[in-house]
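Listed below are the residues making up each chain.
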Amino acid sequence: MESKYNYFKRDISWLSFNYRVLLEALDERLPLYERINFISIYSSNLEEFYKIRVADHKAVASGATESDEETVQSARELVEEINKEVTRQLDDRVRIYEQKILPALRKNHIIFYQDNHVEPFHQQFIKDFFREEIFPYLQPVPVSKDKIVSFLRDNRLYLAIRVYPKKEEKNKGEETKENIEKYTGECINERNDGEGIKVGMEAARPNVTDLRQPLYFVMKQPYAKVPRFIELPSREKNHYLMFTEDIIKANLNLIFPGYDVDSSYCIKISRDADILIDDTASSADLVAQLKKKVKKRKIGDVCRFVYDRAMPSEFLDFLVDAFRIQRDELVPGDKHLNLEDLRHLPNPNKSLHSLEKPKPMKLTVLDEKESIFNYVAKKDLLLYYPYHSFEHFIHFLYEAVHNPETREIMVTQYRVAENSAVINTLIAAAQNGKKVTVFVELKARFDEENNLATAEMMQAAGIKIIYSIPGLKVHAKVALIRRRGLNGEKIPSYAYISTGNFNEKTATLYADCGLFTCRKEIVADLYNLFRTLQGKEDPKFTTLLVARFNLIPELNRLIDREISLADEGKQGRIILKMNALQDPTMIDRLYEASEHGVQIDLIVRGICCLIPGQSYSRNIRVTRIVDSFLEHARIWYFGNDGTPKVFMGSPDWMRRNLYRRIEAITPVLASDLRDSLIEMLNIQLADNQKACWVDDKLQNIFKKRTPGTPAVRAQYTFYDWLNKTNS
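Since we're looking at a predicted model, the values are computed, not measured.

Here the focus is the packing of aromatic side chains. A full pass over the atoms with the stated rule returns 38 aromatic pairs. Arranged with centres 6.2 Å apart and planes meeting at 70 degrees, the rings of W14 and F17 form a pair that is edge-to-face. Of this pair, W14 and F17 are both found in helix α1 (residues 10-23), 3 residues apart, which corresponds to roughly one turn of the helix. Each member of the pair, W14 together with F17, is buried. Taken together, a centroid distance of 5.4 Å and an interplanar angle of 85 degrees make the contact between Y265 and F315 edge-to-face. On the criterion of sequence distance, the pair formed by Y265 in strand β7 (residues 259-271) and F315 in helix α10 (residues 313-322) is long-range, its members being 50 residues apart. Just as Y265 is buried, F315 falls in that class too.

Encoded structure:
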């Protein structure tokens, strides 16, 4: 049955989010290099988007794969719509970069050369640097339509170069009347006076190269050997930077002796990076598949061909034919591609200040002498990352390692840091005679190799490893410390449920939260969840909400409760914070609640397929926050007639999370911790510095500060609030 409601397209909504990231580069309140970093993040996000999402749509559009969600025609139309929107956004990125960032660098005495103009005092340096540091690593490869196609590596920058054989000296300037007439043609000024004809002929007169057959080459940029950005000698108070490719362009005549270099432009290929595996395979087969297929990620099908938009059409046409590029794979880019590299842009002006981000704080109640076990045995503990230090969680594991009453440590692993303190502590536990069980999700995209290598290292140390469940991803972020007294008596075990991964690196970048508790009902449910992951029993959950088991029924019950309150004339209230909202079934429930008068605020960082501003969504508001840290926590609030129910956990409201993954959500039962989560939600809804509304056209409408009201920058305001309560 066709729904009476409408939805935003998932990928067009995501592009709206990524555009909001780009808009941070316009915020002059931010330190300059922070603004530059947002251009890098925008560009990196877009690269991954093409490798996964656009690649999937192109596979459907070509008939290579089938989809239950789109037809061949709708996939083609969506790819066209995506490319159109991306082209519009890239136009804005060019303007922001050229008209805002480069002038701001110059104002701060950093001259970032962008064209052929180089000051005379740098020209010899550039020639010498090229000869000594770059030239040995360059290898131009000829391109021809009629020969074997050269393979362009994924996301590598290439220079496409057009040259002409040098004309013999005796033929220089010998142009026949026919050649002149051929090339002047309509360019001759229509005026009949002699001056007009002279102007026309001079404007249209060909270069000597125009009468010769061009040759084309591609040349990979040697960024493994040479940095992308080169610092040139300073002059007075000015510092100078230059792209490596611009140094190469300035010296192409040295690479092609015997040729006249006509022009050169940057190009790059993005390739399909998704890995198709037999999801029903056994663990051993899955490991073998991943080891084999991850290596092929760099040679996937082309999903976009990005080129300098200044490239002439006949040059582009030649490359398209030679590399067998489809027209729907063409995406015009900037003169300088791969701007994700801007995160490595040197800062030679040390007087430029950097952003003072909140520093992770340690709880005073958990100083180095205080046992987390003893504290949590008395009351639940909630940590907010990156405002609180992730070292508290490491200390929690460390206590488990050295506690003689620890019987078993059980952890899920989705994305883990390299050289991880978490993994090292688990290995120490196994070596200390503890039983350690780790569920490893091998299908975490782009982390497959790291997860597999880490799992094999843990297995070698004696840790029991459980690999991916066939047909499912395990996305829950949970840990369980099972304990028993030395004389066999029952003593508290400890559960930890988080919105983020056990990753000390992302714990400094992502805004997440984690709950420690030894409540028996949560501990028992979490133990049942781990048994389920081992395939040992059909679970029953009394307190935890677990996707594919009791999550959807409970969500429906909670929404129905708010609808009933609104129907009774009481306040129905829902606040949902998450990364993405896409599942049509749950969106329909929110539309329905809105129609009954339930007031709903959504704090959705990324994809949001719910359309606000419609008759059926008039009571729904969508807020998006982009700031120093990546908003990653999933927190759900239901008013419940003045006795709020608050939940936190791992899933977004996407179809994949709710129906095809194992996710864990816990109610926050301690009233003080519940109040702190509500405070955080209220602060985020009050943000008037970094928050925007998402309107019915997917525009990011910045919230304006009302005169006379305080400035609220949610991440910093909440950090200050936590700091004041840290006593």
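In this section: the packing of helix α2 (residues 32-61) against helix α3 (residues 72-107). At a closest axis distance of 11 Å, the pairing of α2 and α3 adopts a crossing angle of 165 degrees. Taken as axis vectors, α2 and α3 run roughly antiparallel relative to one another. For the pair α2 and α3, the sense of crossing is left-handed. By residue class, the composition of the contact of α2 with α3 is 23 nonpolar, 4 polar and 5 charged.

A few words now on the nonpolar core. L581, L590, L602, L610, W636 and W653 are the most contacted members of the largest nonpolar core, which totals 112 residues. When residues of this core are assigned to their parent elements, the largest contribution, 11 residues, is made by α2. With 44 residues, the next largest nonpolar core counts F390, I394, L397 and V411 among its residues.

Moving on: the environment of L363. Mapping L363 onto the fold places it in the loop between β9 (330-333) and α11 (372-378). Note: C-alpha distance between L363 and H392 (29 residues apart in sequence) is 8.5 Å. If near-sequence neighbours (up to four positions away) are discounted, L363 is found in contact with L381, L383, H388, H392 and N726.

This paragraph deals with empty space enclosed by the protein. Under the definition given, this model contains 6 cavities of 30 Å³ or more. Of the pockets and cavities examined, the largest cavity occupies roughly 100 Å³. Along the walls of the largest cavity sit S43, L46, L90, R93, K268, R304, V306, G333, L337, N338, L339 and E340, which together make up its complete lining. For the lining of the largest cavity, the elements supplying multiple residues, two or more each, are α2, α3 and β8 (302-308). Along the lines of polarity and charge, the residues of the lining of the largest cavity split into 5 nonpolar, 3 polar and 4 charged.

A few words on the packing of α1 against α2. Look at α1 against α2: their axes get within 9 Å of each other, and the N-to-C directions meet at 170 degrees. The angle between the axes of α1 and α2 places the two elements in the roughly antiparallel class. Of the two possible hands of crossing, α1 and α2 adopt the one that is left-handed. Across the interface between the two elements, R10, D11, W14, L15, F17, N18, Y19, V21 and L22 from α1 touch F38, I39, I41, Y42, N45, L46, F49, R53 and H57 from α2. Tallied by class, residues from the contact of α1 with α2 come to 12 nonpolar, 3 polar and 3 charged.

Within the secondary structure, I269 is located in strand β7. With a relative accessible area of 2%, I269 lands in the buried category. For the pair I269 and V302, spaced 33 residues apart in sequence, the C-alpha separation works out to 6.7 Å. Residues contacting I269, with those up to four places away along its chain left out, are L152, R153, D154, N155, V302, R304, F305 and I325.

Another aspect to go through is the sheet that holds strand β26 (residues 664-667). Here we have 9 strands laid out as an open sheet, ordered β18-β26-β24-β23-β19-β20-β21-β27-β28, and mixed in their pairing. Edge positions in the open sheet fall to β18 (545-546) and β28 (700-702), since each of these has one partner strand only. Across 3 bridges, the pairing between strand β27 (residues 691-694) and β28 is antiparallel. Note that in β28 the partner of W693 across the bridge is I701.

Moving on to helix α19 (residues 671-686). With 16 residues, α19 should cover 22 Å at 1.5 Å per step; its first-to-last C-alpha distance of 22 Å lies within 8% of that length. Looking only at α19, the buried set comprises L673, R674, S676, L677, I678, M680, L681, I683, Q684 and L685.

Generally, phi is negative for residues other than glycine and the peptide bonds are trans, each holding for most cases. The omega angle of the peptide bond from Y385 to P386 is 5 degrees, so this bond is cis rather than trans. Positionally, P386 belongs in the loop between β10 (381-385) and α12 (391-402). Positive phi values are uncommon outside glycine, yet H109 reaches one of about 65 degrees. Position of H109 relative to the elements: it lies in the loop between α3 and β1 (110-113). Its relative accessible area of 25% is what places H109 among the partly exposed residues.

We now examine the environment of L545. Summarising the element assignment, L545 is placed in strand β18. Given the relative accessible area of 5%, L545 is considered buried. Residues L545 and G649, spaced 104 residues apart in sequence, show a C-alpha to C-alpha distance of 9.0 Å. In this structure, L545 is in contact with N550, L551, E554, F647, E663, A664 and I665, ignoring residues within four places of it in sequence.

On to the sheet that holds β8. The strands making up a sheet are joined through hydrogen bonds of the backbone, oriented either antiparallel or parallel. A sheet is described by the order of its strands in space; here 6 strands give the open sequence β2-β4-β3-β7-β8-β9, paired in mixed fashion. Two strands in the sheet have a free side with no partner beyond their single neighbour: β2 (141-143) and β9. Strand-to-strand twist of the sheet, defined as the mean angle between neighbouring strand axes without regard to direction, takes the value 35 degrees. As judged from the 8 bridges shared by strand β3 (residues 158-165) and β7, these two strands associate in the antiparallel manner. Within β7, the residue paired with L159 across the bridge is C266. Contacts from α2 reach β7, β8 and β9, with the element oriented near 135 degrees to β8. Of the strands in this sheet, β2, β3, β4 (215-220), β7, β8 and β9 touch α10, which is tilted by about 110 degrees from β3.

Thresholds applied
Residues numbered from 1 in each chain as written. Predicted model: local features only at pLDDT ≥ 70, side-chain atom pairs only at ≥ 80, totals over all residues. Heavy atoms only, no water. Phe/Tyr/Trp six-rings, centres within 6.5 Å; stacked < 30°, edge-to-face > 60°. Helix = DSSP H or I, 4+ residues; strand = E, 2+ residues; numbered from the N terminus. Buried < 20%, exposed > 50% of the residue type's maximum accessible area, 1.4 Å probe, protein only. Axes fitted to C-alpha atoms, helices over the stretch in contact; angles between N-to-C directions. Parallel < 35°, antiparallel > 145°, perpendicular 65-115°, else oblique. Left-handed = near helix turned anticlockwise from the far one by under 90°. Nonpolar A, V, L, I, M, F, W, Y, C, P; charged D, E, K, R; others polar. Core = buried A, V, L, I, M, F, W, Y, C linked by side-chain atoms within 4.5 Å. Contact = heavy atoms within 4.5 Å. 1 Å grid on protein atoms, 1.4 Å probe; cavity = no way out; pocket = protein on both sides within 12 Å on 5 of 7 lines; lining within 4 Å. Points joined across faces, edges and corners; volume = space filled by probe spheres on them. Pairing = 2+ DSSP bridges. Expected span 1.5 Å × (residues − 1).

Don't take any of this as a statement about function, it's just geometry.
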